[in-house]
Every structure is written in C-alpha cells, then in structure tokens.
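# Summary of structural features
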Amino acid sequence: MNAPASARRSLLKFLLASPLLVALPELARSLQLPGEIISAPEQALNVFDFEAAASRKLPPAHFGYIQTGVDDDATVRANREGMGRFQLRVRRLIDVREVDLSVQLFGVKWDSPILLAPAGSQKAFHPEGELAVARAANAKKHLMILSTVSSTAVEEVIAARQAPVWYQLYPTNEWAVARALVKRAEAAGCPVLVLTVDLQGGSNREALERAVRRDPRKCATCHQGDVFTSARTYVERKPMFRGLDVSRVTTIAPLDMTWDYIKRLRDTTPLPLVIKGIVTREDAALAVEHGVNGIIVSNHGGRGEESGRATIECLPEVVEGTQGRIPVIVDGGFRRGTDIFKALALGARAVAIGRPYLWGLGAFGQPGVEAVLEILRRELQTTMRQTGTLKIGAINRSYVVAGGR
Ligand SMILES: Cc1cc2nc3c(=O)[nH]c(=O)nc-3n(C[C@H](O)[C@H](O)[C@H](O)COP(=O)(O)O)c2cc1C
C-alpha cells in the first residue's frame, strides 16, 4: 500500500533532520524534497542549491560530465573532506566594519580572490555557455580562465567579459597546434597563459560513462564522439582549433611532455606562464627553477588521477616548494567562504572554482553564475569578519590549525 504523500513528506523531513545526514551531505542533497529544489537563483542559500537545480535541468550525460571524477571518485570526495581537516582560529573584539577582499595577481588588482577555473564545452550546460560566464564575471568583476576546449572562441569571450581573460592551454601532441593556440591567445589580448599538466596519464571517468548510459539521447545526434574516443574529431568541433591542421592530433595532453616542454613554451611566449596541476613541493621547486611565473595547485577537481589527496592538503607543501617566489592559486572542492579562507591562510594568493559556477550556469545561465559568485564572496567576507581579518593579506597561517592543534 502506498503511504499518503503527507506521510512520505514527514518521513523525508525526519530523515533530513537526522544527524547521520549531517555527516553525509551528498545523501542529504539527493533526498532533497522536490519543493526545495530552487527555481530561481535568489532562492539559493548556498552553492550546493545550484547542484540540485542543475541536476534537474541538464541531460544526465551533461550533468555527469560536470560531476565525474575518476575510478571511484575518491579524489573528488577527498577534495571536500580535506577542508574539514583544518579549523579556524578566530580572533575577537576587532572593528570589522571595513573589509577589503582585493588581491593582486601579476600586477593587476582584483576585487576578490575568487577565480573562475577553466572548464571546457560550456554550451553543454547552457546555450550561452562561456558568454554567459564571461558576462557574469564582468558583472561581478572576477577573473576568468578560458579553456582550450571551450565552445566559444577567445575573442568573443573577451568581448563579453569586456576585459582580458587568462588562457588555459591543452597543447596537444602537435607543437605547431600548441604554438598557434598560444599566438592566437596572445593576439586576442590574454595576459597570462595557464598550462594544464594533470591529464597526461589519461583519466578513467566511470561516473561519466554511467551517466552516458543512463541518458536516453544519442550523443552523436548533437556532436561527434568525445576527447576519449577521438581527440581529432573532438578538437575539430572546438572553435579554437578552427583553421588549424589537426590531422595528426591524437591527444590534447601529450604523453611525452617534460620540463623541456616548459622551457620551449617559455621561449615561445612573453606571457607569464602558470602551471595548473602541481601538487608536490618537488614539482613546485622545479617550476620555479624553470622560470614558471605561477602555480595552480589542482588535481583537475578529482578528474585526473585517483590520488586520494585533497588539494587543500597539498597546498602547504607546494607553497613551501616555491619559497614564496611565485604566486600559488588552488582549486578543487571549494564550496564555502570558510574553505576559501583556509586556503588563503595556508598560503594561496587566490582560489579557483569549477563545478559551483557550472551548476549555476546549468541551472540558470548568467544569473546563476552571478549568484554563485555573490554567495561565495559574501561567505568569504563573513568569515573574514568572524576571524577579524580585514584584508586578504592579513589572512595567514595563524588563523588555521590542523586536527585541532
Ligand atoms: C566540466 C569540467 C570541465 C573542465 N574542463 C577543464 C579544462 O578544459 N581545462 C582545465 O585545465 N581544467 C578543466 N577542468 C578542471 C577545472 O579547471 C578545475 O580544476 C576543477 O573543476 C576544480 O575543482 P571543483 O570543480 O571541485 O571546483 C574542468 C572541470 C570540470 C568540472
């Protein structure tokens, strides 16, 4: 016999209030009552509200592409769990009326240390794709990093952002293609080049594969294959590769890339070069040695290898490896102002977000992305007030402890 709707609702409410679910937030979200899935960005209490809304709106395969990690998704979870291993040391009785969130990156002042990480194929999440994100970044004055495999060309994105964006490079196995992408980004006015180095080993995205199998639609009716089945057909449909000879492209992340490649790139472009995907002190020191200008501590949001290590836990050793000589940015699992604060306290100059703004985009387009940025900025400001830190530069190691000590 079916329980009446009101009884089911009461049971769900009871389950949602259970302490067990506090420890299992993902389960709690999947049990969200239908009426609790937001229908407008202003209803959101936090960035997770956009996750549920995007999951409702997007086709399973496209939402699966956002969510997927590799193997058992352990590194995706680790990125979140890592935040809980650090606690805040808050100071009292400080006048916190004026709080300044601005930071400097390569000589440019930004209103906030929150950046938009590069993410490919954004038209899969909303018809306006990268343009909606760029307009939101413009409205909220955030730095945006554009992916090589974007569904919109860099020139159009810069026009929508009304300011330069950083350019993320997947170099492919063809030097001529890499060089052409870099020169196009330079000509478009990108002030910083970001080389992603964490996909060289390939990635086993099982959650994505399962989502594709659950999706009743046929991928091939809209687009040919994906990067894992044929890199050539994948890049052929990406605007940044138009006009380039991609006939010999077999991968977007070359298997033979070494520190010599960094030198070659260094000699090819005058742009500051940032490496994305560094997670150890040894590689951080090598990056400095090879003239790299900045590092993004990243495991690709748990989409590269299944290391099981949270980026926030990698951050201190990377900062140590640079000996303070180049700025360090971090991404992976940042969902709350307190998470961002912890990274800043551990030595990050700025923090990038990936999935949260893609959830905002998928759920509501530009207003969704704006709302995500607004929530995170507000939460960070609140955390700064609560800890008594009036500017980003004042947030240091003394404001966090690990494991309660
Ligand atoms: C759907 C999706 C697409 C991504 N595409 C790229 C990309 O094209 N280039 C890149 O360097 N990183 C890419 N990333 C990784 C992000 O830049 C970033 O490292 C990661 O999303 C941060 O973790 P978070 O999603 O937990 O915030 C992508 C991430 C997602 C979720």
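In what follows, the structure referred to is the one given above.
As a starting point, this report considers the structure included with it.

Calculation notes
- Residues numbered from 1 in each chain as written.
- Predicted model: local features only at pLDDT ≥ 70, side-chain atom pairs only at ≥ 80, totals over all residues.
- Heavy atoms only, no water.
- Core = buried A, V, L, I, M, F, W, Y, C linked by side-chain atoms within 4.5 Å.
- Buried < 20%, exposed > 50% of the residue type's maximum accessible area, 1.4 Å probe, protein only.
- Helix = DSSP H or I, 4+ residues; strand = E, 2+ residues; numbered from the N terminus.
- Near = heavy atom within 4 Å.
- Polar contact = N/O pair within 3.5 Å; in protein donor to acceptor, adjacent residues only side chain to side chain.
- Areas by Shrake-Rupley, 256 points an atom, 1.4 Å probe, with all protein chains shown as cover.
- Pairing = 2+ DSSP bridges.
- Salt bridge = Lys/Arg side-chain N within 4 Å of Asp/Glu carboxyl O.
- Disulfide = S-S within 2.5 Å.

### Notes on the nonpolar core
Judged by nonpolar contacts, the single largest core of 122 residues is most densely connected at F50, M144, W166, Y167, L265, F334 and I353. The leading source of residues in this core is helix α17 (residues 366–387), at 8 residues.

### Here's the deal with the site of the ligand
Near the ligand, the surroundings consist of 25 residues, among which P118, S147, T196, D331 and R335 are the closest. At a separation of 3.1 Å, a nitrogen atom of the ligand approaches a polar backbone atom of G120. G333 places a main-chain nitrogen or oxygen 2.9 Å from an oxygen atom of the ligand. Contact with the protein chains removes 99% of the 600 Å² of surface that the ligand exposes when unbound.

### With respect to the sheet that holds strand β9 (residues 294–297)
Pairing is parallel in the open sheet, where 8 strands are placed in the order β4-β11-β10-β9-β8-β7-β6-β5. In the strand order of this sheet, the two ends are held by β4 (114–116) and β5 (145–146), each with one partner. Looking at chain direction, β4 and strand β11 (residues 350–353) are connected through 3 bridges and run parallel. If you follow L116 over to β11, its bridge partner there is I353.

### Describing unusual backbone geometry
With a phi angle near 45°, F106 is a residue other than glycine that sits in the positive phi range. Mapping F106 onto the fold places it in the loop between β2 (103–105) and β3 (108–110). Take F106: its relative accessible area is 30%, and that puts it in the partly exposed class.

### Some remarks on the pattern of salt bridges
This structure, assessed with the given rule, holds 18 salt bridges. Notably, a salt bridge pairs R85 with E313, separated by 2.6 Å at the nearest N-O pair. Residue R85 is located in the loop between α6 (74–83) and β1 (86–88), and its partner E313 is located in helix α14 (residues 311–322); the two are separated by 228 residues in the primary sequence. Classification of R85 as partly exposed rests on a relative accessible area of 39%. Where R248 meets E174, a salt bridge forms, and the shortest distance between an N and an O atom there is 3.5 Å. With R248 in the loop between α11 (231–236) and α12 (259–268) and E174 in the loop between β6 (166–169) and α9 (175–188), this residue pair connects regions lying 74 residues apart in the sequence. Sharing partners across several salt bridges, the network here consists of R281, R309, E317 and E320.

### Considering the state of the cysteines
Enumeration according to the criterion identifies 0 disulfides in this entry. The thiol of C222 is not disulfide-bonded; the next cysteine sulfur, from C219, is found 8.2 Å away. Under the relative-accessibility criterion, C222 is labelled exposed at 62%.

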